[in-house]
Amino acid sequence: MTLIAPTLQAFFTERLGRQRQASPRTIAAYRDALRLLLGFVQQQTGTAPAKLDWNDLNANVISAFLNHLEDERGNSTRTRNVRLTAIRSLFSYAALQHPEHALLIQRVLDIPPKRFDKRTVTFLTATEVDALLAAPDPKRWEGRRDKAMLALAVQTGLRVTELTSLNCDDITLGDGAAVRCEGKGRKQRTVPLDRPVQNLLGAWLNERAGRRGDPLFCTRTGRRLSRDAVAQRLSTHTQTAVRVCPSLLDKSIHPHVLRHSCAMALLQAGVDTTVIALWLGHAGVRSTDAYVHADMTIKEKALALTAPITAQPGRYRPTDKVLDFLDRL
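The rules behind these values
Residues numbered from 1 in each chain as written. Predicted model: local features only at pLDDT ≥ 70, side-chain atom pairs only at ≥ 80, totals over all residues. Heavy atoms only, no water. Helix = DSSP H or I, 4+ residues; strand = E, 2+ residues; numbered from the N terminus. Buried < 20%, exposed > 50% of the residue type's maximum accessible area, 1.4 Å probe, protein only. Areas by Shrake-Rupley, 256 points an atom, 1.4 Å probe, with all protein chains shown as cover. Phe/Tyr/Trp six-rings, centres within 6.5 Å; stacked < 30°, edge-to-face > 60°. Lys NZ or Arg CZ within 6 Å of the ring centre and 35° of its normal. 1 Å grid on protein atoms, 1.4 Å probe; cavity = no way out; pocket = protein on both sides within 12 Å on 5 of 7 lines; lining within 4 Å. Points joined across faces, edges and corners; volume = space filled by probe spheres on them. Nonpolar A, V, L, I, M, F, W, Y, C, P; charged D, E, K, R; others polar. Pairing = 2+ DSSP bridges. Axes fitted to C-alpha atoms, helices over the stretch in contact; angles between N-to-C directions. Parallel < 35°, antiparallel > 145°, perpendicular 65-115°, else oblique. Contact = heavy atoms within 4.5 Å. Salt bridge = Lys/Arg side-chain N within 4 Å of Asp/Glu carboxyl O.

Engineer: Would you mind showing me how to read the overall build of the chain here?
Structural biologist: Of the regular secondary structure elements, the chain holds 15 helices and five strands. Considering the chain as a whole, with its 329 residues, one finds that 44% of them fall into the buried category. Summing over all exposed atoms, the chain offers an accessible surface of approximately 18,800 Å²; the carbon and sulfur share of this is 51%.

Engineer: Looking at this structure, I do not really get the packing of aromatic side chains. What am I missing?
Structural biologist: We describe a pair of aromatic rings using the distance from one ring centre to the other and the angle between the two ring planes. In total, this model carries six aromatic pairs according to the counting rule given. Judged by centre distance (5.7 Å) and plane angle (55°), the rings of F40 and F65 are tilted. Residue F40 is found in helix α2 (residues 24-45), and its partner F65 is found in helix α3 (residues 59-71); the two are separated by 25 residues along the sequence. A relative accessible area of 8% places F40 in the buried class. Relative accessible area serves as the criterion here: at 1%, F65 is assigned to the buried category. Three or more aromatic residues joined by ring pairs make a cluster, and in this case those are F11, F12, Y30 and Y93. Over the ring of F123 we find K251, and its NZ or CZ is 5.6 Å from the ring centre.

Engineer: Looking at this model, I keep getting lost on the layout of surface pockets. Mind explaining?
Structural biologist: Rolled over the atoms, a probe with the dimensions of a water molecule shows which regions are left empty. For the largest pocket, the calculated volume is near 2,500 Å³. Those elements that provide at least two residues to the lining of the largest pocket are α2, α4 (77-97), α8 (160-164), α11 (255-268) and α13 (289-294). Across the lining of the largest pocket, the residue classes tally to 12 nonpolar, 18 polar and 16 charged.

Engineer: Which parts of the structure should I look at to understand empty space enclosed by the protein?
Structural biologist: This structure, assessed with the given rule, holds two cavities of 30 Å³ or more. Computed from the structure, the largest cavity encloses a volume of approximately 50 Å³. Forming the walls of the largest cavity are L150, A153, L158, R159, V160, L163, V230, L234, P255 and L258. Residues belonging to the lining of the largest cavity are distributed by class as follows: nine nonpolar, no polar and one charged. Size it by volume and the second largest cavity reaches roughly 40 Å³. Along the walls of the second largest cavity sit I4, L8, L34, L37, L38, L57 and L90, which together make up its complete lining. Element by element, the count of residues in the lining of the second largest cavity is highest for α2, at three residues.

Engineer: Just to check I follow, could you spell out the pairing of strand β3 (residues 188-192) for this structure?
Structural biologist: Remember that side chains alternate between the two faces of the sheet whenever the strand is regular. Where burial is concerned, the two faces of β3 differ: the one with R189 and V191 is buried and the one with Q188, T190 and P192 is not. One ladder, built from five bridges, connects strand β2 (residues 178-182) with β3; its direction is antiparallel. Bridge pairing links C181 to R189 in β3. If you look at the hairpin formed by β2 and β3, you'll find five residues sitting between the two strands, and G185 has a positive phi there, around 70°.

Engineer: What exactly am I supposed to notice about the packing of helix α7 (residues 141-156) against helix α10 (residues 227-241) here?
Structural biologist: Two measures define how a pair of helices packs: the angle their axes make with one another and the distance between the axes. Contact geometry of α7 with α10 gives a least axis separation of 11 Å together with a crossing angle of 100°. Here α10 runs roughly perpendicular to α7, going by the angle between their axes. Judged by residue contacts, E142, R145, D146, M149 and L150 of α7 engage V230, R233, L234 and H237 from α10. Residue composition of the contact of α7 with α10, by class: four nonpolar, one polar and four charged.

Engineer: Before we go on, may I ask you to explain the packing of helix α6 (residues 126-133) against α7 in this structure?
Structural biologist: For the pair α6 and α7, interaxial distance at closest approach is 10 Å and the crossing angle is 160°. Classified by the angle their axes make, α6 and α7 are roughly antiparallel. Across from V129, L132 and L133 in α6, the residues of α7 making contact are K147, L150, A151 and V154. By residue class, the composition of the contact of α6 with α7 is six nonpolar, no polar and one charged.

Engineer: What is the right way to read the pattern of salt bridges from this model?
Structural biologist: Pairing is possible between side chains that carry opposite charge, provided their charged atoms lie close to one another. All told, the structure shown has 15 salt bridges when counted by the stated rule. Residue R145 is joined to D146 by a salt bridge in which the shortest nitrogen-to-oxygen separation is 2.9 Å. Note that R211 and D214 form a salt bridge whose closest N and O atoms lie 3.6 Å from each other. Residue classification places D214 among the buried residues on the basis of a relative accessible area of 19%. The network of salt bridges with common partners includes R31, D32 and R35.

In structure tokens:
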């Protein structure tokens, strides 16, 4: 019998903390996944987490837990796969510590991620963005904060975690106006700010009157806004914007939609996909392919450049302009 508790603690302190130097967000995500797993096993077997043995976490148990996430907790396939990633990371570490459980560990590592349908990204048109930015009440402190926050998110494409992590000194106004942030993989990037967003942020910083290390977007008590708080504020303003822009009713609006909207605006303006990937902090250019597929205007331009083959009526061939256009994609 080998208890998992010592290895579990070493996984967080040694493996994630010292060896991999994982970010706090990664550690928190792994912690939540494994806490759910241990709670599930305790509920099923009545064994407290501190008393669990590796034999209590075999492949059948892990598979039942993953099914529980989807069937009972209502998690998406993506969330299921993220939880599996955390479990596999723990078991990969345990394989070096407990060779006597090599077969059990290998069977868990062999559990594959579940495939899922990739849906077309949702984004807002320029009209919808204008309606959303006009929704916050400028007479209220929260309204002025929210307008600056939403405008910054739409123009820069920051992830919601990047947005809530900003401090007052991460904003540079005037010549070379930009916002600095730290994204996935601790990659730092700087995104330029246009004049309207500069004006909103300048007014907000004056009203905020925070110190350099204070959160840029906060509550009235000075606490940093959470991801859930941003989502709730966005939902509230979307309900207001629907009154003047009914097309928003047909879309599921969440903070990441603002990031998609930024990417689509850049793409439709003719910005190269390599630049868009750098702007958004993507790991590679392939991550921007989803926006190319979602933009019907690009496909319509390709169709417009297609010329008929006169020798064979009814058939079409791509012109040199089409081929050049597709190469640029």
